[in-house]
Amino acid sequence: MKILVINAGSSSLKYQLIDMDNEKMVAKGNCERIGDKASFIGHKTADGRQMTKEVYMPDHTTAFLQVKEALLDKEVGVITDLSEVAAIGHRIVQGGALFSESVIVDEKVIEGIESLIPLAPLHNSGHVQAIRGCLSVFGDSVPEVVVFDTAFHSTMPAKAYMYAVPYEYYEKYQVRRYGFHGTSHRYVSGEMAKNLGKDIKDLKLITCHIGNGSSITAIDGGKVIDTSMGLTPLDGFMMGTRSGGLDPSVVTFIAEKEGITPEEMSNLLNKKSGLLGISGVSSDDRDVSAAEEAGNERAHLAHEMLYYQIAKYIGSYYVALGGCDGIVFCAGLGENQPQLREQVCNYLKCFGVNLDTEVNNKARCGVSGKISADDSKIPVWVVETNEELVIARDTKALVEKNA
């Protein structure tokens, strides 16, 4: 069974075709700048063939037509007939309180995702466009499944997901913590249980998805009890361009002083803050690291803030869990930035964490594994995340269940 996994945004469409017989990627690609005259598709196969083509894609339907052509192409294609795609799985950022698990797509499901657009305007609107575009190209004979980033966090208790604002706003607008990156946290926590040789139901784990967007999650017995991102992906600790949590009065103070609108303030906090805002260099950690090595004090400060904030979250989740059986680092920085892992773990020495510096320095560019020393009271691992595989597995399971 081959499953096409889709991760769509408002102007992009990432795809990956996975052969579920061996759970290996067959081909993957991106459709970028959808709606722009400069739109293009990049496609590559597992055996190294690749293609990039500039082509106008005014909407997601035409983007899916390009995906279809790429998969069937004589030079870079990986299937001979569209019927080889048995099902399609979509990543959906915001499932709100409506969806606590993956579901097969029907009109009611699409309407439910649409109803949650106010909670994730850019993400969910793009997802809906992609689902409808996919249906128009592949037809309704190919089953489609939606997998929600928020679903894994739906086990959080009210004491963790509620905000201390008037309760009426929860009742009227569903203002609460939802959490994100759930598909990644779900995958790496499962892999960590395998690595430790234990049932996940017997483990207390802290998973750290650290990239341009980042979140940390406390998992007790396979169920999330708390996570750093909130109503939106802006909450938590500082990221590439996001501020993370801050005193709410900072928002009103700056807005009043600068005379800016709510939309402009949202843009400032989401796209101009974090590593970019503090360093003044870039949102890309590689650029910030280079600037720090060259003696840039603001770049150094940005890193100090990031490491400190990550360590504080891990420490707070140690308390929330009542202990910890393992810490996992994943995603772009989590998997490829030894300095970040080392500095964070230095803060955690009070919990008995002891890093193997030599092994940690080698863990990058696809190299995963245990990075803590044998005498560390808490094992620390780097696990390469694979959200697409989780989506493909859920899709396969649901399609077979409903066959």
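Preceding block: the structure.
Draft legend 1. Representation of the overall build of the chain within the structure. Scanning the chain from N- to C-terminus turns up 15 helices and 14 strands. Expected size for 403 residues packed as a compact globule is a radius of gyration near 22 Å; at 21 Å, the chain falls within 12% of this value. Across its three principal directions, the C-alpha atoms of the chain cover 60 × 55 × 45 Å. Expressed as a percentage of contacts within the chain between residues at least 6 apart in sequence, the contacts between residues at least 24 apart total 60%. A total accessible area of about 18,800 Å² is found for the chain, and carbon and sulfur atoms account for 49% of it. Taking the 40 positively charged and 53 negatively charged side chains of the chain as two groups, their mean positions are separated by 2 Å.

Draft legend 2. Representation of unusual backbone geometry. The phi dihedral of Arg-33 falls on the positive side, at around 60°, and the residue is not glycine. By the element assignment, Arg-33 lies in the loop between β3 (24-32) and β4 (40-45). Its identity as a non-glycine residue notwithstanding, Cys-365 has a phi of 55°, on the positive side. Considering the arrangement of structural elements, one finds Cys-365 in the loop between α14 (357-362) and β13 (369-370).

Draft legend 3. Quick look at helix α7 (residues 248-258). For α7, a buried count of zero out of eleven residues is recorded, marking the element as mostly open to its surroundings. Between the side-chain oxygen of the N-cap and the backbone nitrogen of Ser-249 there are 2.9 Å, and the N-cap of α7 in question is Asp-247. Once α7 ends, the next one or two residues include Gly-259, with phi positive near 65°.

Conventions used here
Residues numbered from 1 in each chain as written. Predicted model: local features only at pLDDT ≥ 70, side-chain atom pairs only at ≥ 80, totals over all residues. Heavy atoms only, no water. Helix = DSSP H or I, 4+ residues; strand = E, 2+ residues; numbered from the N terminus. Rg over C-alpha atoms; globule rule 2.2 N^0.38 Å. Contact = heavy atoms within 4.5 Å. Areas by Shrake-Rupley, 256 points an atom, 1.4 Å probe, with all protein chains shown as cover. Lys, Arg positive; Asp, Glu negative; His and termini not counted. Charge placed at Lys NZ, Arg CZ, Asp CG, Glu CD. Buried < 20%, exposed > 50% of the residue type's maximum accessible area, 1.4 Å probe, protein only. Polar contact = N/O pair within 3.5 Å; in protein donor to acceptor, adjacent residues only side chain to side chain.

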